[in-house]
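As a plain string of letters, each chain reads:
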Amino acid sequence: MKVSGFTIIRNAEKFDYPVKESILSVLPLVDEFVVSIGQSDDNTEQIIRSIASDKLKIVHSIWDDNLREGGKLLSIETNKAKAQISPDADWCFYIQSDEVVHENDFDKIYSSMQKNLKNDKVEGLLFRYHHFFGNYDYVAVSRKWYRHEIRIIRNRSDIVSYKDAQGFRKTNNQKLKVIDTGAYIYHYGWVRHPFAQLEKQKHFHKLWHDDDWLQKNLDEKKILNYEVNDLLEKFQGTHPSVMKERIKLYNWHFDYDKNKVKLSLKEKFLHQLESLTGWRIGEYKNFILLK
């Protein structure tokens, strides 16, 4: 069984992406790792090259900043990176540059790939999510956050990145048939210094909207203060070991008061129902889960 990892990155230092930790967390599970680096204004390439591994395969790409339609550029770049994977790879392990895998889940992930290697019905492997917010102690638990996504796919040309690169589908737009690995992705996209978070959000929204929209809708004060009208819970687990040093550098203030969160009666009911039963009514699922 041959496994190839892949990711895309641009301006990792400027936007404070934990891309080094992300790659390091997946390296033990793959035979090669493709890193596609977009044109950057910082030391992104030096950060990637500081990873001491002969598994790394660095390629370069020019991102088209004129593409501002539903995050389409991210999907295009993800597919370009996937195209660089060795043809003889069986599985492709995609990780975004603000996502990290916990070493405690290595056995689950590897066994899922090995067990389903010859089962052609299984087109991808599903992961669960911890979405950290504000700092490393809180996870977002409301309906606004997706609970599952595909991160390992067959090395097939008819499987491509979907929409804004959150997940994958077939080229005919069919959903992939997947098995749940039971493993988690630790998503740190909303844990960074407020100034870096502001710059990241400005850049992110440029992939979706024009400048007029940004001026009208991007509230810098709220982002800088991490103001959130959302449900967060204290994280009770441990972080991946590769995040240890980054967590030590945590140097900004974040407060969360659950009593200040204002939810509609509908939101309160749906959250309580989910808490009691695990059932999320109307949940978006970009996959077909096999038993």
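A brief structural summary. (Residues numbered from 1 in each chain as written. Predicted model: local features only at pLDDT ≥ 70, side-chain atom pairs only at ≥ 80, totals over all residues. Heavy atoms only, no water.)

1. What to know about the nonpolar core
Nonpolar side chains in soluble globular proteins tend to be buried together.
Okay, step 1: The biggest cluster of nonpolar side chains holds 33 residues, and the ones touching the most others in it are I23, F33, F93 and I109.
Okay, step 2: Every element with two or more residues in this core is listed here: β1 (3-9), α1 (19-26), β2 (32-38), β4 (91-94), α4 (106-115), β6 (124-133) and β11 (177-190).
Okay, step 3: If sequence neighbours within four positions are ignored, I23 has contacts with T7, F33, V35, I48, I51 and L56. (Core = buried A, V, L, I, M, F, W, Y, C linked by side-chain atoms within 4.5 Å. Buried < 20%, exposed > 50% of the residue type's maximum accessible area, 1.4 Å probe, protein only. Helix = DSSP H or I, 4+ residues; strand = E, 2+ residues; numbered from the N terminus. Contact = heavy atoms within 4.5 Å.)

2. Considerations on the pattern of salt bridges
Okay, step 1: Taken as a whole, this structure holds 17 salt bridges when the rule is applied.
Okay, step 2: E21 serves as the salt-bridge partner of R246, at 3.2 Å between the closest nitrogen and oxygen. Of this pair, R246 sits in helix α8 (residues 244-248) while E21 sits in helix α1, placing them 225 residues apart in sequence.
Okay, step 3: For R246, a relative accessible area of 17% puts it in the buried group.
Okay, step 4: Measuring nitrogen to oxygen at the nearest pair gives 3.6 Å for the salt bridge that ties E274 to R147. Residue E274 is found in helix α9 (residues 265-277), and its partner R147 is found in the loop between β7 (138-140) and β8 (148-154); the two are separated by 127 residues along the sequence.
Okay, step 5: Salt bridges linked by common partners bring E123, R156, D158 and K170 together as one network. (Salt bridge = Lys/Arg side-chain N within 4 Å of Asp/Glu carboxyl O.)

3. Focus on the pairing of β1
Okay, step 1: By the criterion of burial, β1 is predominantly enclosed, with seven of the seven residues buried.
Okay, step 2: The alternating pattern of β1 places V3, G5, T7 and I9 on one face and S4, F6 and I8 on the opposite face, and all of these are buried.
Okay, step 3: Where β1 meets β4, four bridges bridge the pair, whose relative direction is parallel. Counterpart to F6 in the pairing with β4 is Y94.
Okay, step 4: Where β1 lies against β2, six bridges are found, and the strand directions are parallel. Within β2, the position partnered with T7 by the bridge is V35.
Okay, step 5: Each parallel crossover has a hand, and for β1 linked through α1 to β2 it is right-handed. (Pairing = 2+ DSSP bridges. Right-handed = clockwise from strand over helix to strand, strands pointing away.)

4. Some thoughts on the pairing of β8
Okay, step 1: Judged by how many residues are buried, β8 sits mostly within the fold: six of seven residues are covered.
Okay, step 2: Two elements, β4 and β8, share three bridges in a ladder whose sense is antiparallel. Following the sheet pairing, F93 is matched in β8 by I152.

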